[in-house]
Amino acid sequence: MNEKRVLVTGGAGFLGSHLCRRLLEDGKEVLCVDNFFTGRRANVAELLGNPRFELMRHDVTFPLYVEVDEIYNLACPASPVHYQFDPVQTTKTSVHGAINMLGLAKRTRARILQASTSEVYGDPSIHPQPESYWGNVNPIGPRSCYDEGKRCAETLFFDYFRQHRTNIKVARIFNTYGPQMHPNDGRVVSNFIVQALKGQPITIYGDGLQTRSFCYVDDLIEAFCRLMATGPEVTGPINLGNPVEFTMRELAELVIDITGSSSRLTFEALPADDPKQRQPDITLARRELQWEPKVPLRVGLEKTARYFETLLKETPVPA
Ligand code: NAD
Ligand code: UDP
């Protein structure tokens, strides 16, 4: 068996389940590790019959001894609601999880990709954000467990690279959406679509003029695979996301239009430290990976809305 053995931590989550599916399609052997904090078995249920797929319940804050060729380290809740639920565990997952997975990469000489985040830029004072920007992060706020945890994980990746020559790839992911998101995930795309489909008010936090740039999941997974396939000289950090920027009001209006919903907009308090704007500079990804997102927001939202429509019919989510 010459196929690569690939470990995906957080593999039962939103991005992880798409990645596992893609890796199996590419002929890889996949070990999916998850503690099911935000991930669900249902996300990978259809993969369980594949003889090249294995699912293991494990918390990455504890060491893991397996033999693998590549590691995608995705384990970490990504939605503010979930990562703030147990902030100490969030930091442990990012930091201890990175140490454990880097230790595994060092022992097995596996290449390892870290799912970092645009949150390392905090509330940015440079726009759009290039990888050279060091960020504007509050170290003691409610988002800090996630932001600083991810920043520390990046530090560890680069220290393992310098100290042990570990083959690292650090991806800074900007807001990504698509089917398989949890309906109660709390992130803006899933919230708006579920609210629109149920005819409930669409909750805009603040004045809705803050911006984000949304990348469809298939585009992101393609970038992951391209980044993993690069030579050891390509370490990142590298921004992965869609540079087309929207306000939350524009997003809400687009969702209402696509779903034909009669929902109205309602305005709620802006969460603390909510970044005002965010847009990736993807010059590096274009150059190193010959990659850029292909799926326009409307098309991606239509696919995502169809997914949630089916899901809500099967299992209505409590209001
Ligand atoms: P998600 O919450 O759907 O998936 C995270 C997965 O990690 C879940 O399956 C969860 O159960 C698992 N997990 C959490 N803690 C764990 C632990 N201690 N041990 C093992 N498994 C654990 O989120 P997602 O959107 O799929 O995000 C995946 C990764 O990508 C995360 O690291 C996140 O920080 C990063 N990221 C995502 C986005 C995005 O927009 N989706 C943006 C930036 C970064
Ligand atoms: N947001 C919103 N309504 C919601 C959920 C989120 O207006 O129901 C806003 C949130 O305040 C932020 C943006 O949408 O400005 C993106 O939020 P999300 O939690 O998806 O991700 P973030 O980029 O903040 O991590």
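Scroll up for the structure.
Everything numeric in this text was worked out from a predicted model, so none of it was measured.

Things to note about the overall build of the protein chain
Inference 1: When you go through the protein chain residue by residue, the secondary structure sums to ten helices and 13 strands.
Inference 2: Its C-alpha atoms give the protein chain a radius of gyration of 19 Å, within 12% of the compact-globule value 20 Å for 319 residues.
Inference 3: In terms of principal-axis extent, the alpha carbons of the protein chain reach across some 55 × 45 × 40 Å.
Inference 4: Long-range pairs, those at least 24 residues apart, make up 82% of the contacts in the protein chain with a sequence separation of at least 6.

A look at the nonpolar core
Inference 1: Within the largest apolar cluster, 59 residues are counted, with the highest numbers of intra-cluster contacts made by Leu-19, Tyr-72, Phe-224, Leu-240, Leu-251 and Leu-301.
Inference 2: Looking at this core element by element, the count peaks at eight residues for helix 7 (residues 217-228).
Inference 3: When residues no more than four places from it in sequence are discounted, the contact partners of Leu-251 are Val-188, Val-189, Phe-192, Phe-214, Leu-297 and Leu-301.
Inference 4: Residues Ala-98, Met-101, Ala-105 and Ala-110 belong to the second largest nonpolar core, which totals 24 residues.

What about empty space enclosed by the protein?
Inference 1: Tallying each qualifying case throughout the model produces one cavity of 30 Å³ or more.
Inference 2: Every residue along the wall of the largest cavity is listed here: Asn-73, Ala-75, Cys-76, Thr-93, Ser-94, Gln-114, Ala-115 and Lys-150.
Inference 3: Secondary structure elements with two or more residues in the lining of the largest cavity: helix 4 (87-108) and strand 5 (111-117).
Inference 4: Counted by class, the lining of the largest cavity contains three nonpolar, four polar and one charged residues.

Here's the deal with the sheet that holds strand 6 (residues 168-173)
Strand pairing in a sheet relies on backbone hydrogen bonds, with the paired strands running either antiparallel or parallel.
Inference 1: Pairing is parallel across the open sheet formed by seven strands, whose spatial order is 3-2-1-4-5-6-11. Two strands in the sheet have a free side with no partner beyond their single neighbour: strand 3 (53-57) and strand 11 (238-240). On average, each strand axis in the sheet is inclined to that of its neighbour by 20°, with strand direction left out of account.
Inference 2: As defined by bridge partners, strand 1 (residues 5-9) adjoins strand 4 (residues 70-73) across four bridges and the pair is classed as parallel. Pairing of Val-8 across the sheet is with Tyr-72, part of strand 4.

A word on the environment of Ile-168
Inference 1: Checked against the element boundaries, Ile-168 lands in strand 6.
Inference 2: Spatially, the C-alpha atoms of Ile-168 and Val-66 are 18 Å apart, while their sequence positions differ by 102 residues.
Inference 3: Setting aside chain neighbours within four positions, we find Ile-168 in contact with Leu-102, Ile-112, Phe-157, Phe-158, Phe-161, Val-234 and Thr-235.

A closer look at helix 5 (residues 144-164)
Inference 1: Look at helix 5: 28 Å from first C-alpha to last across 21 residues, which is about the 30 Å you get at 1.5 Å a residue.
Inference 2: Listed in full, the buried residues belonging to helix 5 are Ser-144, Cys-145, Tyr-146, Asp-147, Gly-149, Lys-150, Ala-153, Glu-154, Leu-156, Phe-157, Phe-158 and Tyr-160.
Inference 3: Those residues of helix 5 hidden inside the fold are in contact with helix 3 (80-83), helix 4, strand 5 and strand 6.
Inference 4: One or two positions beyond helix 5, positive phi appears at Arg-165, with a value near 60°.

Some details on the packing of helix 8 (residues 248-259) against helix 10 (residues 297-314)
Axis angle and axis distance: for two packed helices, these are the angle between their axes and the distance between the axes, and together they describe the pair.
Inference 1: Running from amino to carboxyl end, helix 8 crosses helix 10 at an angle of 55°, the nearest separation of the two axes being 10 Å. Regarding the angle of helix 8 to helix 10, the classification is oblique. Like other packed secondary-structure pairs, helix 8 and helix 10 cross with a definite hand, here right-handed. Residue-level contacts link Leu-251, Leu-254, Val-255, Asp-257, Ile-258 and Thr-259 of helix 8 to Leu-297, Arg-298, Leu-301, Glu-302 and Ala-305 of helix 10.
Inference 2: Split into classes, the residues belonging to the contact of helix 8 with helix 10 amount to seven nonpolar, one polar and three charged.

Regarding the site of ligand 2
Inference 1: For ligand 2, the set of nearby residues contains 18 residues, the closest of which are Asn-191, Thr-203, Arg-212, Asp-274 and Arg-278.
Inference 2: At a separation of 2.9 Å, an oxygen atom of ligand 2 approaches a polar side-chain atom of Asn-175.
Inference 3: In the model, an oxygen atom of ligand 2 is placed 2.8 Å from a nitrogen or oxygen of the Val-188 main chain.
Inference 4: Within the complex, 95% of the 520 Å² of free accessible area of ligand 2 lies under protein.
Inference 5: Of all elements in the fold, only helix 6 (188-197) and strand 8 (202-205) reach the threshold of two or more residues within the shell around ligand 2.
Inference 6: Of the residues that constitute the shell around ligand 2, the class distribution is seven nonpolar, five polar and six charged.

A few points about the side chain of Ser-263
Inference 1: For Ser-263, the position within the fold is in the loop between helix 8 and strand 13 (265-268).
Inference 2: Take Ser-263: its relative accessible area is 7%, and that puts it in the buried class.
Inference 3: A distance of 2.7 Å separates a polar side-chain atom of Ser-263 from the backbone oxygen of Gln-200.
Inference 4: Within the local environment of Ser-263, its side chain forms a polar contact with the side chain of Ser-261, the two groups lying 2.9 Å apart.
Inference 5: The residues contacting Ser-263, other than those within four sequence positions of it, are Gln-195, Ala-196, Gly-199, Gln-200, Ile-202 and Ile-256.

Conventions and cut-offs
- Residues numbered from 1 in each chain as written.
- Chains lettered and ligands numbered in written order.
- Predicted model: local features only at pLDDT ≥ 70, side-chain atom pairs only at ≥ 80, totals over all residues.
- Heavy atoms only, no water.
- Helix = DSSP H or I, 4+ residues; strand = E, 2+ residues; numbered from the N terminus.
- Rg over C-alpha atoms; globule rule 2.2 N^0.38 Å.
- Contact = heavy atoms within 4.5 Å.
- Core = buried A, V, L, I, M, F, W, Y, C linked by side-chain atoms within 4.5 Å.
- Buried < 20%, exposed > 50% of the residue type's maximum accessible area, 1.4 Å probe, protein only.
- 1 Å grid on protein atoms, 1.4 Å probe; cavity = no way out; pocket = protein on both sides within 12 Å on 5 of 7 lines; lining within 4 Å.
- Points joined across faces, edges and corners; volume = space filled by probe spheres on them.
- Nonpolar A, V, L, I, M, F, W, Y, C, P; charged D, E, K, R; others polar.
- Pairing = 2+ DSSP bridges.
- Axes fitted to C-alpha atoms, helices over the stretch in contact; angles between N-to-C directions.
- Expected span 1.5 Å × (residues − 1).
- Parallel < 35°, antiparallel > 145°, perpendicular 65-115°, else oblique.
- Left-handed = near helix turned anticlockwise from the far one by under 90°.
- Near = heavy atom within 4 Å.
- Polar contact = N/O pair within 3.5 Å; in protein donor to acceptor, adjacent residues only side chain to side chain.
- Areas by Shrake-Rupley, 256 points an atom, 1.4 Å probe, with all protein chains shown as cover.

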